[in-house]
Amino acid sequence: MDYPNRGTLWTNDYKKTDVQPDMKGDIKLEIELVRDMLANADTDHIVIKLGAWLGKHTDGKRKITLKFDPYKPAEPVAPSAKDPWDD
């Protein structure tokens, strides 16, 4: 099954020194998402939102599954007439 804009980090079984990463993996980004992020960039960098889930593969190997979304600032919300914290 293919999940675009997602990736997985796996325990680095080949780590021999502290300077090597604890985990390694990859991500598959849709080209349209990359184009959209570049077109909407207003600074010299792009912010990406990450979601992460801890899990295990069927062979028991631990993993972190990642989901990537372009960052979008929250739009201002009109204040409600009543504050739900008021009694």
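Everything that follows concerns the structure shown earlier in this document.
Residues numbered from 1 in each chain as written. Predicted model: local features only at pLDDT ≥ 70, side-chain atom pairs only at ≥ 80, totals over all residues. Heavy atoms only, no water.

Peer 1: I'm lost on the overall build of the protein chain in this one. Help?
Peer 2: Broken down by element type, the protein chain carries one helix and four strands. When the helices and strands of the protein chain are read in sequence order from the N terminus, they spell out β-β-α-β-β. For 87 residues, the compact-globule estimate of 2.2 N^0.38 gives 12 Å, and the C-alpha radius of gyration of the protein chain, at 19 Å, exceeds that figure by more than 25%. The principal-axis extents of the C-alpha atoms in the protein chain amount to approximately 60 × 40 × 30 Å. Evaluated residue by residue, the protein chain yields a buried proportion of 10% over its 87 residues. Considering only intrachain contacts with a sequence separation of at least 6, the fraction spanning at least 24 residues in the protein chain is 39%. Accessible surface, the protein chain as shown: approximately 7900 Å² in total, 56% of it carbon and sulfur. In the protein chain, the 14 positive side-chain charges and the 16 negative ones have mean positions that sit 9 Å from each other. (Helix = DSSP H or I, 4+ residues; strand = E, 2+ residues; numbered from the N terminus. Rg over C-alpha atoms; globule rule 2.2 N^0.38 Å. Buried < 20%, exposed > 50% of the residue type's maximum accessible area, 1.4 Å probe, protein only. Contact = heavy atoms within 4.5 Å. Areas by Shrake-Rupley, 256 points an atom, 1.4 Å probe, with all protein chains shown as cover. Lys, Arg positive; Asp, Glu negative; His and termini not counted. Charge placed at Lys NZ, Arg CZ, Asp CG, Glu CD.)

Peer 1: Looking at this structure, how should I read the side chain of Thr8?
Peer 2: For Thr8, the position within the fold is in strand β1 (residues 6–11). Under the relative-accessibility criterion, Thr8 is labelled buried at 19%. Residues within four places of Thr8 in sequence aside, it is in contact with Lys24, Gly25, Asp26, Lys63, Ile64 and Thr65.

Peer 1: What should I look at first to understand the pairing of strand β4 (residues 62–70) in this one?
Peer 2: A regular strand places its side chains on the two faces of the sheet in alternate fashion. When β1 meets β4, the two strands line up antiparallel, connected through five bridges. Paired with Thr8 across the bridge in β4 is Thr65. Between strand β3 (residues 48–56) and β4, which pair antiparallel one after the other, the connecting turn spans five residues, and Gly60 there sits at a positive phi close to 90°. (Pairing = 2+ DSSP bridges.)

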